[in-house]
Structures are given as C-alpha cells and as structure tokens.
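These are the residues of each chain, in order.
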Amino acid sequence: MNSPLLAWRDPIYISAGISGVLGFCVLLLQPLLASAALPHVTVRTGRRLHRWLGAALTILVVLHVAALWITSPPDVVDALLLRSPAPFSLWGVIAMWALFGTAVLALVRRRLRIRPRLWRAAHGCFATLIVGGSILHALLIEGTMEPVSKALLCVCVAIAAFFALHKSLSKTQIR
C-alpha cells in the first residue's frame, strides 16, 4: 500500500492489484490444503476448504481483471487477445484461463463421472499452468508488491505446488 508506484493510481486500480495479491496468497494455501499438509486440518476439511478457496480464487481473479478493465479496457483486450507488449500479461492470461478450466472441470466432474486418476492428472496439469503462470505474472510486475516479499511468496507457492503435485503423482503411480 505504500508503494510509490501506486501513489498516483485510482482506488479501482489499487483494488485490482490488491485482489491479485490476495489471490496469489490463496494460491499458496491451495496445494497445502489439497495435500493435507497443514497441521490440525483433516483431509476432509482440507479438501472442503480447497474447494471453497478455489471458488474464492476464481472470484478474486475475476475482480482483478474486471477492475483492470474499468481502468483500461484497451489494455485488457490486448492481454486477452494475447497481443499485449507486456510479457506479464501473457502469463496472467494463461494462468487465468487455466484457473477457469479447473473451475469448470470441478463443476462438471461428478456429472461427467470423471475417474479420480484422470481428475488428478487434469487438475495437476491445470494447477501447473496456474502456479507457473501466476508466478511469472507476479515476478514481471512492479508496483503492488515489494520485490523481496513477492519473490519469497513466489518461492513458497512453487514449493507448495511441487510438494502437492509430487504427492498426487505418487498416489497415481501406486494405484
């Protein structure tokens, strides 16, 4: 909030950045909840929280993009059409569409009777795109987050995701 790069920005732009940062913080919790890596959180509670925070993450991303749309529609259109000259836009859009793909897949999983093994593989692929794209998106942006805390959060998200994917792949190979 004290960044000099935000001093002249409108409140809607600042809220766009804050929703992005909050979403990135939620992204750290997601793999920890899914892999039952948090102490005092049962597997069942962790998975339920993972679903709720997945919905919250989707809403935060929508708020992030919507607020950016309000401040600069041409920039958002360029990003969504993959023609933005800023490389952080590409990675943000890739992560966003992977997140939306995960949300849709989660909503139709039972209706389509997707088997657990296929679900883990598809969810793992989407999760890799979400985490990788989000990390690159965050690292390439200057302004909302302080560089050292941003880098530390990126490393923590990467480690948590790697841990969860490794654990999920181990389960898939055992069965």
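Please refer to the structure higher up on the page.
About the cut-offs
Residues numbered from 1 in each chain as written. Predicted model: local features only at pLDDT ≥ 70, side-chain atom pairs only at ≥ 80, totals over all residues. Heavy atoms only, no water. Helix = DSSP H or I, 4+ residues; strand = E, 2+ residues; numbered from the N terminus. Rg over C-alpha atoms; globule rule 2.2 N^0.38 Å. Buried < 20%, exposed > 50% of the residue type's maximum accessible area, 1.4 Å probe, protein only. Core = buried A, V, L, I, M, F, W, Y, C linked by side-chain atoms within 4.5 Å. Contact = heavy atoms within 4.5 Å.

## A word on the overall build of the chain
Within the chain, the secondary structure is distributed over six helices and zero strands. When its helices and strands are written in sequence order, the chain yields α-α-α-α-α-α. Here the C-alpha radius of gyration of the chain, 17 Å, is about what a compact globule of 175 residues would show, namely 16 Å. Overall, the chain is about 55 × 35 × 25 Å in size when its C-alpha atoms are taken along their principal axes. Expressed as a percentage of its 175 residues, the buried residues of the chain come to 34%.

## What about unusual backbone geometry?
Backbone geometry at His 40 places phi at a positive 65 degrees, although glycine is not the residue there. As for its position among the elements, His 40 is in the loop between α1 (11-34) and α2 (43-71). Positioned with a positive phi, Leu 82 is a non-glycine residue whose angle comes to about 60 degrees. Position of Leu 82 relative to the elements: it lies in the loop between α3 (73-80) and α4 (87-108). Classification of Leu 82 as exposed rests on a relative accessible area of 54%.

## Some remarks on the nonpolar core
Within the largest apolar cluster, 18 residues are counted, with the highest numbers of intra-cluster contacts made by Phe 24, Leu 27, Leu 57, Val 131, Ile 135 and Val 157. Counting only elements with at least two residues in this core, the list comes to α1, α2, α4, α5 (116-140) and α6 (147-174). Each residue touching Val 131, except ones within four places of it in the same chain, is listed here: Leu 27, Val 157, Ala 158 and Ala 161.

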